[in-house]
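Inside the fold
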Amino acid sequence: MQHSYRISRNQFIRLCTFLPFAIPDFRVDEDFILTVKGKIKPSELGSTLIHEHVLVDFIGADKITADRWNHDDVIKKVLPYLLEIKARGIKSMVECTPAYIGRDVKLLQKLSDLSGLNILTNTGFYGASDNKYLPALAFTETAEQLSSRWIAEFENGIDGTSIKPGFIKTGVNSGPLSDIHQKLIRAAALTHLKTGLTICSHTGPALPALQEIEILKTLGVSPAAFVWVHASGSNDDFLTTGKTGCWISLDGISEGSLAKNAELILFLKKNGFLKQILISHDAGWYRPGEPNGGDFRGYTAISDKLLPLLKEKGLKDSEIRQLMLVNPANAFKIGIRKI
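Structure report, in brief. (Residues numbered from 1 in each chain as written. Predicted model: local features only at pLDDT ≥ 70, side-chain atom pairs only at ≥ 80, totals over all residues. Heavy atoms only, no water.)

Now for unusual backbone geometry. A positive phi angle, close to 70 degrees, is found at N131, a residue other than glycine. Position of N131 relative to the elements: it lies in the loop between β6 (122-123) and α4 (137-140). We note that N292 has phi near 55 degrees; this positive angle belongs to a residue other than glycine. If you trace the backbone, N292 turns up in the loop between β11 (277-279) and α10 (301-312). Taking relative accessible area as the criterion, N292 reaches 57% and is therefore assigned exposed. (Helix = DSSP H or I, 4+ residues; strand = E, 2+ residues; numbered from the N terminus. Buried < 20%, exposed > 50% of the residue type's maximum accessible area, 1.4 Å probe, protein only.)

Below, the structure written as structure tokens:
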């Protein structure tokens with residue numbers, strides 16, 4: 001029998017509406033989150049998609065320039081998709097496009113204004129895809145020098161603006177960490193220790209994730225400051241890595257992977273990791289150079305399909321709130337997390 005796994009807009013909004021008395025984890029007078037429009041309290045983040053993209057340009061770090069796309073064209077294509085999730089009760093989006101792959105903080109600020117969504121952007125460099133998206137300086141500068149660049153964006157703003165990063169985004173290949181990828185993680189650790197920004201690293205398998213975590217620990221950074229992006233592997237990988245205390249990001253959710261991700265979430269819950277799970281689509285992807293920005297995948301599979309499926313399988317409303325509200329707020333609130 002086929003199921004539609006749909007709930008109404010009002011049901012979803014009721015499910016994900018933040019009630020301050022229901023979530024005691026927030027210290028609203030001390031904690032904050034940085035969006036492209038400035039500081040907000042964790043309690044203001046609301047229901048959040050923690051790994052999405054607006055625009056991604058794969059031309060390479062040595063060729064990318066901001067004149068390869070036009071803001072008005074991108075907004076015309078992307079804004080309806082943002083309004084679509086806003087209507088479903090989503091309040092915030094973590095935009096994970098790094099520098100040299102199309103990070104455009106002015107564009108994100110415009111989209112935040114027009115959509116009413118909180119949008120977070122990032123600092124850091126992306127070493128995955130065999131370093132195609134690393135600038136030349138990443139190969140010559142030390143971890144300390146790279147970290148100083150990222151800290152400056154946190155303290156002064158990105159690309160001459162007042163817009164500051166809400167997290168660190170880096171990336172490594174799927175095998176054992178190369179020397180340069182180890183350097184990126186050390187730089188991320190040093191940046192975290194100065195800024196309190198959470199480290200999100202495109203990783204994939206558990207092997208490099210565990211190696212990244214070990215580097216962080218040697219520098220005194222708690223695994224609780226690390227998001228294992230594109231988490232994959234066997235159940236034993238999830239158990240071993242999850243026990244470090246890192247965030248487990250299941251961020252490739254689509255209509256074709258609903259059953260797999262639902263079972264994985266239930267497996268992680270059963271093993272005590274519900275408070276470490278982050279979920280998102282890794283969707284969007286306006287591509288400069290392609291007609292009308294190419295194919296664009298929307299951001300609704302979680303609200304329209306996955307959450308109803310999880311409820312059907314026995315997940316409680318309080319556990320849905322944990323996934324959609326509490327975990328994102330705890331993951332991205334600014335705070336230095338030491339061992």
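The rest of the description comes next.
With 13 residues, helix α9 (residues 258-270) should cover 18 Å at 1.5 Å per step; its first-to-last C-alpha distance of 18 Å lies within 8% of that length. Within α9, burial applies to L258, N261, A262, L264, I265 and L268. Down the axis of α9, the buried side of the element spans an arc of 165 degrees, and every buried residue falls inside it. Facing away from the buried side of α9, by more than 90 degrees, are the exposed residues A259, K260 and K270. Elements in contact with the buried residues of α9: α8 (235-242), β10 (247-250), β11, α10 and α11 (317-332). One or two steps after α9, the chain reaches G272, where phi turns positive at roughly 90 degrees. (Expected span 1.5 Å × (residues − 1). Arc of directions from axis to C-beta. Contact = heavy atoms within 4.5 Å.)

Moving on, we come to the nonpolar core. Grouped together as the largest cluster of nonpolar side chains are 81 residues, with contacts concentrated most on L250 and I279. Once you skip the residues sitting within four places of it in the chain, I279 turns out to touch T48, L49, I50, L250, I253, I265, I302, L306, L307 and M324. Formed by 16 residues, the second largest nonpolar core is a distinct cluster that contains I40, L45, I50 and F332. (Core = buried A, V, L, I, M, F, W, Y, C linked by side-chain atoms within 4.5 Å.)

Bringing the sheet that holds β6 into the picture now. Taken together, six strands build an open sheet; the order of strands is β6-β7-β8-β9-β10-β11 and the sheet is parallel. What marks the edges here is a single partner per strand, and that holds for β6 and β11. In terms of strand pairing, β10 meets β11 through three bridges, oriented parallel. Across the sheet, the residue bridging to S249 is L278, located in β11. Strands β8 (199-202) and β9 (226-229) of the sheet are contacted by helix α7 (residues 206-218), whose axis makes an angle of about 165 degrees with β9. (Pairing = 2+ DSSP bridges. Axes fitted to C-alpha atoms, helices over the stretch in contact; angles between N-to-C directions.)

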